[in-house]
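# Coordinates in review
What follows is the residue order along each chain.
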Amino acid sequence: MRFLDACRLKKVDATPVWFMRQAGRYMPEYRAIRRKASFLEMCTDPAIAAEVTLQPVRFMAVDAAILYADILLLARPMGLKLEFVKGEGPVLTPPVRSAKAVAALRAFDPDVELGFVMDAIRLVRRELAGRIPLIGFAGAPFTVASYFIEGGPSKDYRWTKLMMHAEPRLWAALMAKIADATAAYLRAQVAAGAQALQLFDSWVGALSREDYLRSVKPWSDRVLAAARRTGVPVVTFGTGTAPFLEDFADSPADVVGVDWRLPLDAAWRRIGKRAIQGNMDPVLLFLPRPQLKKAVRAVLAEAGGRRGHVFNLGHGILQETPPDNVRAVADWVHEWTAR
Ligand code: CP3
């Protein structure tokens, strides 16, 4: 299969393409279901999660499905309250800012407490019947810790960085708990049928290289190594990683996800013979067709036909994106790279 082959730097008949957040509110079919159920209800009902995972697969020629779920689902079995508040995003209570709060976080059995995710994976695999692979995922320890500590989204990561610098031992204890829970969660996803894994470190670009190397990379690598041992290809994704891309790429992952801030040819020069996933700016999906075509051609030109390119955006599809544009991009990538 194209996507899995590209992850392993094998020859492919055309560049594989999928989109982060390919299931979501930009699709009318998604909104129709979302009107009747909350986001968490959708995630925790395997039939709905499976259906929504398959919506983009039916609509366009993507080369992978990604499970409909969220990086914060593991907060609940670890003992936090998780809500999604309209206009605010995820809210976690109580924020994890003390030794007592870290100690209270529980280890859990993902097959039991996130069994609905495993059921959704089995349903999707049955429906896909081998046509394209299913990607499972989790949040990377830093990005997940930032939500745990801040209690929700943050602009400055104030409490997170304060813990990292002022209480390194507490930080390490928190990262170890999140990393171990995440590794177990990813292993369970593969056992249930996930055929590739992606670790989302969406906010890692908020860090300096020094902070990344000292306080984050060891924990991300622990999760990536565990993911890799399952035998499926593993993607490590971050945004804003250009200042420390060599270090970010120096990991057990097979594929490095990069955003649009760095052209793909520059990324390849810096990390050598590795598979790369990316990196069109999601905003460009709003462009009129002629300019959109140019934007896709530009990414493909930077990829230069190298083995191991997985076409994707540099971050998730935005809410009001025209679905037909997304579908057209998938078709163009296949058409223009067919060999
Ligand atoms: O890519 C996919 O299609 C798979 C599904 C997926 C979701 N979240 C569904 C979702 C994935 C891979 C994620 C990962 C995720 N979740 C990340 C990392 C990726 C990234 O975008 O950086 C982060 C940071 C989260 C946490 C989270 N979940 C946020 C910040 C939000 C936005 C809140 C909002 O109000 O928009 C969510 C909600 C969420 N996760 C939605 C979806 C489809 C929107 C739910 C809805 O209201 O319909």
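Refer to the preceding data block for the structure.
Figured I'd write up the structure that's included with this text.

Thresholds, definitions, all that
Residues numbered from 1 in each chain as written. Predicted model: local features only at pLDDT ≥ 70, side-chain atom pairs only at ≥ 80, totals over all residues. Heavy atoms only, no water. Core = buried A, V, L, I, M, F, W, Y, C linked by side-chain atoms within 4.5 Å. Buried < 20%, exposed > 50% of the residue type's maximum accessible area, 1.4 Å probe, protein only. Helix = DSSP H or I, 4+ residues; strand = E, 2+ residues; numbered from the N terminus. Contact = heavy atoms within 4.5 Å. Pairing = 2+ DSSP bridges. Polar contact = N/O pair within 3.5 Å; in protein donor to acceptor, adjacent residues only side chain to side chain. Near = heavy atom within 4 Å. Areas by Shrake-Rupley, 256 points an atom, 1.4 Å probe, with all protein chains shown as cover. Patch = residues over 30% accessible without salt bridge, like charges linked within 9 Å, V, L, I, M, F, W, Y side chains within 5 Å. Salt bridge = Lys/Arg side-chain N within 4 Å of Asp/Glu carboxyl O. Lys, Arg positive; Asp, Glu negative; His and termini not counted. Charge placed at Lys NZ, Arg CZ, Asp CG, Glu CD.

## What to know about the nonpolar core
- The biggest cluster of nonpolar side chains holds 131 residues, and the ones touching the most others in it are Phe-3, Phe-19, Phe-148, Leu-174, Met-280 and Val-329.
- With 13 residues, the top contributor of residues to this core is helix α10 (residues 168–192).
- Filtering out sequence-adjacent residues up to four positions away, Phe-148 remains in contact with Ala-75, Met-78, Leu-80, Leu-92, Pro-95, Val-96, Leu-105, Leu-174 and Ile-178.

## Some thoughts on the pairing of strand β3 (residues 89–93)
- In this sheet, β3 lies alongside strand β2 (residues 81–85) in antiparallel orientation, the contact comprising five bridges. Residue Lys-81 lies in a different strand from β3, and its bridge partner there is Thr-93.

## Some remarks on the environment of Arg-327
- Along the chain, Arg-327 turns up in helix α15 (residues 323–337).
- Using a relative accessible area of 31% as the deciding quantity, one classes Arg-327 as partly exposed.
- For the pair formed by Arg-327 and Ala-103, sequence separation is 224 residues and the distance between their alpha carbons is 47 Å.
- Not counting residues within four places of it along the chain, the set of residues in contact with Arg-327 comprises Phe-59 and Met-60.
- Among the polar contacts made by the side chain of Arg-327, one reaches the main-chain carbonyl oxygen of Phe-59 at a distance of 3.5 Å.
- Side-chain polar atoms of Arg-327 contact the side chain of Asp-324, separated by 3.2 Å.

## Here we look at the site of the ligand
- Within the structure, the ligand sits among 23 residues, and Arg-21, Arg-25, Tyr-30, Ser-202 and His-315 are positioned closest to it.
- Interatomic distance of 2.6 Å between a side-chain N/O atom of Tyr-30 and an oxygen atom of the ligand.
- Here Asp-70 contributes a side-chain N or O atom positioned 2.6 Å from a nitrogen atom of the ligand.
- Protein contact buries 89% of the 880 Å² of open area that the ligand shows by itself.
- Only α2 (28–34) and β3 provide two or more residues apiece to the shell around the ligand.

## Some words on a positive patch on the surface
- A contiguous patch of positive charge on the surface is contributed by Arg-21, Arg-25, Arg-34 and Lys-86.
- When you line up the elements, Lys-86 lands in the loop between β2 and β3.

## Description of the pattern of salt bridges
- Applying the stated criterion across every chain, the model contains 15 salt bridges.
- The partner of Glu-113 in a salt bridge is Arg-106, and the shortest N-O contact between them spans 3.4 Å.
- On the accessibility criterion, Arg-106 (38% relative accessible area) is partly exposed.
- Between Glu-246 and Arg-270 there is a salt bridge; the shortest N-O distance is 2.8 Å. Of this pair, Glu-246 sits in helix α12 (residues 245–249) while Arg-270 sits in helix α13 (residues 264–271), placing them 24 residues apart in sequence.
- Salt bridges linked by common partners bring Arg-2, Asp-13 and Asp-63 together as one network.

## Side note on the side chain of Asp-211
- You can see Asp-211 is positioned in helix α11 (residues 209–229).
- Among the polar contacts made by the side chain of Asp-211, one reaches the side chain of Arg-214 at a distance of 2.8 Å.
- With near-sequence residues (within four places) excluded, Asp-211 lies in contact with Met-164, His-165 and Val-216.

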